[in-house]
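Structural characterization, general
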Amino acid sequence: MKKTIITVVGKDSVGIIAKVCTYLANNKVNILDITQTIVQGYFNMMMIVDANEATKNFEDLATELEQIGEEIGVIIKAQHEDIFNKMHRL
């Protein structure tokens, strides 16, 4: 299974989760786990997704998610699970 970690950070506004989840569903990316918090008006979400059946390659998904983030005023990053784990290892 090709797992991908998606992070979304920025000022909270209506529709952030809906926009990201709709994009993923439209591209056959399955959400395995999701957590989100809002602290003093700032939105933070982390998703673990399965991109095995994705209709686009990883680079296109990551680029388009970044573009969606720009449109809605947040920063969206997608990383392969192994890269994420290496970057966040203690």
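All values reported here derive from a predicted model rather than from experimental measurement. (Residues numbered from 1 in each chain as written. Predicted model: local features only at pLDDT ≥ 70, side-chain atom pairs only at ≥ 80, totals over all residues. Heavy atoms only, no water.)

1. Describing the pattern of salt bridges
Our working definition: Between Lys or Arg on one side and Asp or Glu on the other, a salt bridge is scored when a side-chain nitrogen of the former is within 4 Å of a carboxyl oxygen of the latter. The buried label applies to any residue whose accessible area, calculated with a 1.4 Å probe on protein chains only, is under 20% of its type's maximum; exposed applies above 50%, and partly exposed to all values in between. Helix numbers and strand numbers start at the N terminus; a helix is a DSSP run of H or I with at least 4 residues, a strand a run of E with at least 2.
Considering all chains together, one arrives at two salt bridges under this definition. Across the pair E64 and K56 runs a salt bridge whose closest N-O atoms are separated by 2.6 Å. By relative accessible area, E64 is classed as partly exposed at 22%. The salt bridge partner of K77 is E66, with a shortest N-O separation of 3.8 Å. Of the two residues, K77 is situated in strand 4 (residues 74–80) and E66 in helix 2 (residues 58–72); the sequence distance between them amounts to 11 residues. Overall, the relative accessible area of 40% leaves K77 in the partly exposed class. According to the relative accessible area criterion, E66 is partly exposed, its value standing at 34%.

2. Thoughts on unusual backbone geometry
With a phi close to 55°, K28 is a non-glycine residue in the positive phi region. Along the chain, K28 turns up in the loop between helix 1 (16–26) and strand 2 (30–39). When its relative accessible area of 54% is taken as the criterion, K28 is described as exposed. Residue Q40 is not a glycine yet carries a positive backbone phi of 45°. Summarising the element assignment, Q40 is placed in the loop between strand 2 and strand 3 (42–50). Under the relative-accessibility criterion, Q40 is labelled exposed at 76%.

3. Focus: the pairing of strand 2
What counts is decided by this rule: DSSP-based pairing: two strands are paired if at least 2 bridges between them are found.
Both strand 2 and strand 3 contribute to a ladder of nine bridges, which runs antiparallel. In the sheet register, I38 faces strand 3, and the bridge partner there is F43.

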